[in-house]
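An overview of the molecular structure
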Amino acid sequence: MSEPLPGSTDNAWTTDDAVTRRFVSELLNDPFGDPGVFVDFAFSRRAVLFDLGDLSALSARKLLRISDVFVSHMHVDHFIGFDRLLRHLIGREKTVCLCGPPGFTDAVRHKLEAYTWNLTARYQARLNLVVNELVTPLRLRTTQFRLQSAFQPEDRGELYVEDGIVLSEPDLWVRAEMIDHGTPCLAFALEERERINIWRNEVEALGLGVGPWLNALKEAMRGGAPDDTPIQIRWRTNGEISERVLPLGQLARKVTRTQPGEKIAYVVDARHTVENIARIVELAKDADTLFIEAAFLDEAASLAAERNHLTAGQAGSIARLADAKRMVPFHFSPRHMDDADRLHEQALAAFAGK
Ligand SMILES: [Zn+2]
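What comes next is a walk through the structure. (Residues numbered from 1 in each chain as written. Predicted model: local features only at pLDDT ≥ 70, side-chain atom pairs only at ≥ 80, totals over all residues. Heavy atoms only, no water.)

1. Topic: the coordination of the zinc ion
Going by this rule: Listed donors are limited to N, O and S atoms within 2.8 Å of the metal, widened to 3.2 Å for Na, K and Ca; water is not among them, so incomplete-looking sites are possible. Every geometry call rests on angle ranges, with four donors termed tetrahedral when all angles are between 85 and 135 degrees, four termed square planar and six termed octahedral when opposite donors are over 155 degrees apart and all others are between 65 and 115, and everything else termed irregular. Counting from the N terminus, the helices are DSSP H or I runs at least four residues long and the strands are E runs at least two residues long.
For the zinc ion, the full set of protein donor atoms is His-78 (NE2), Asp-269 (OD), Asp-269 (OD) and His-331 (NE2), and the range of their distances to it is 2.0 to 2.7 Å. Coordination at the zinc ion is irregular: its four donor atoms span angles of 51 to 123 degrees at the metal. Along the chain, the residues that donate to the zinc ion are spaced as H-x190-D-x61-H. Here the residue His-78 occupies a position in helix 2 (residues 76–79), and Asp-269 occupies one in the loop between strand 16 (263–267) and helix 8 (274–284), the gap between them amounting to 191 residues.

Listed below in structure tokens is the structure:
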């Protein structure tokens, strides 16, 4: 296994031919605790968080890596951790984006209004909370809350949402799907775009050296540029700069290998309805890991329906329909505290098609 190249930053020039996992995801709590998944990004000091329940398991260091938070809905077990996150952010120079369902902006505003902010002008570090509310599946409203302004809401307008994309970056995106839990609840999928790996030995075999031109090559490939597009190659050996120009197609075939990006889906609090199943299956299609609530045992299906939750078997079947590679059942009801094994077994049996 080769080392990432010096100076490599987020996803840049990764030469590893082995599958390097970009997303390191973990449940915040045990399956009976408040739901939440922390996704750490390899190669960068960044993480994203799904749901804001009990965050006491997260160290200050991890909390401060969080760039984006995705909140399914504002039931207390999914939102009570907002205060802990806020507490750690005060005094930090940071922007954190929070995305949630209808009513989310007001919920955040009310949380912020519960505190006294008369000393905020003294803080040097600028803390910005950018709150994105999926008002409808097609409209994303943005409001900014800045510590310096005592967290008075500042309207930043609305965007039209295409395919549920609530976050889009050059190498990843996040999709949200509105599902029915008696109240609108968001399910999320974090997806990495197709990954282009560079083979360093093949670069050297062509008599070239590595450098930022590899990023330009990747960009051209991602943009679907034609094979004869000239790529300016510039690299440095012992302080001396060399330059060459080669066509994109030749370079791509020789020095790159593409692999599908990773995908992580997060699904909680869903009523077992035809519409919900279809939406979740579409959202979680081919996910590498699907975190899915499995609140009740199958024999408690009527209770699950009454409470707008899935049973373990229903969760497993949905994961199977979505062709998820791995399923992590969680968000178990405390009434089954002594039946954790059976909840797992029922979910896994349905996932395996048994
Ligand atoms: Zn819940």
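2. Examining the sheet that holds strand 7 (residues 139–146)
Rules: When DSSP finds two or more bridges between two strands, those strands count as paired. Working convention: axes come from line fits to C-alpha atoms, limited for helices to the stretch in contact. Angles between N-to-C directions cover 0 to 180 degrees. Residue contacts are defined here by distance: any two heavy atoms, one from each residue, within 4.5 Å place the two residues in contact.
Sheet architecture is open: eight strands sit in the order 1-2-3-4-5-6-7-8, paired in mixed fashion. Single-partner strands in this sheet number two, and they are strand 1 (23–27) and strand 8 (153–160). Sheet twist, expressed as the mean angle between neighbouring strand axes with direction ignored, is 20 degrees. As judged from the five bridges shared by strand 1 and strand 2 (residues 37–41), these two strands associate in the antiparallel manner. Looking at the pairing, Phe-23 lines up with Phe-41 of strand 2. Across the sheet, helix 3 (residues 82–89) touches strand 4 (66–70), strand 5 (94–100) and strand 6 (127–136), and the angle it forms with strand 6 is around 150 degrees. Sitting on the sheet, helix 4 (residues 104–113) touches strand 5, strand 6, strand 7 and strand 8, and the angle it makes with strand 6 is about 145 degrees.

3. As for the packing of aromatic side chains
Operational definition: A pair of Phe, Tyr and Trp rings is counted when the ring centres sit within 6.5 Å of each other, with Trp represented by its six-membered ring. The angle between the planes then sorts it: under 30 degrees is stacked, over 60 is edge-to-face, the rest tilted. The classification of residues rests on relative accessible area computed with a 1.4 Å probe and restricted to protein chains. Under 20% of the type maximum is buried, over 50% is exposed, and intermediate values are partly exposed. The criterion for a charge sitting over a ring is simple: Lys NZ or Arg CZ within 6 Å of the ring centre, and within 35 degrees of the ring normal.
One pass over the full model with this rule turns up twelve aromatic pairs. Between Phe-50 and Phe-188 the ring centres are 5.8 Å apart and the planes differ by 35 degrees, which places this aromatic pair in the tilted class. Of this pair, Phe-50 sits in strand 3 (residues 47–50) while Phe-188 sits in strand 11 (residues 184–192), and the two are 138 residues apart along the sequence. Owing to a relative accessible area of 0%, Phe-50 belongs among the buried residues under this scheme. Assessed through its relative accessible area of 0%, Phe-188 is described here as buried. Taken together, Phe-50, Phe-70, Phe-188, Tyr-266, Phe-291 and Phe-330 form an aromatic cluster joined through their ring pairs. The cationic tip of Lys-111 hangs over the ring face of Phe-79; the distance from NZ or CZ to the ring centre is 5.1 Å. Sitting over the face of the ring of Trp-199, Arg-257 holds its NZ or CZ atom 4.1 Å from the ring centroid.

4. Observations concerning helix 11 (residues 340–351)
To keep it simple, the criterion reads: A helix is expected to reach a length of 1.5 Å times the quantity of its residues less one. Here, the arc refers to the directions that run from the helix axis to the C-beta atoms.
Compared with the 16 Å implied by 1.5 Å per residue over twelve residues, the 17 Å span of helix 11 between its first and last C-alpha is a close match. All of the buried residues along helix 11 are Leu-343, Gln-346, Ala-347, Ala-350 and Phe-351. End-on, the buried residues of helix 11 take up no more than an arc of 135 degrees, which puts them together on one face. Contacts from the buried residues of helix 11 go to helix 10 (312–321) and strand 18 (327–330). Of the residues trailing helix 11, Gly-353 is marked for its positive phi of about 80 degrees.

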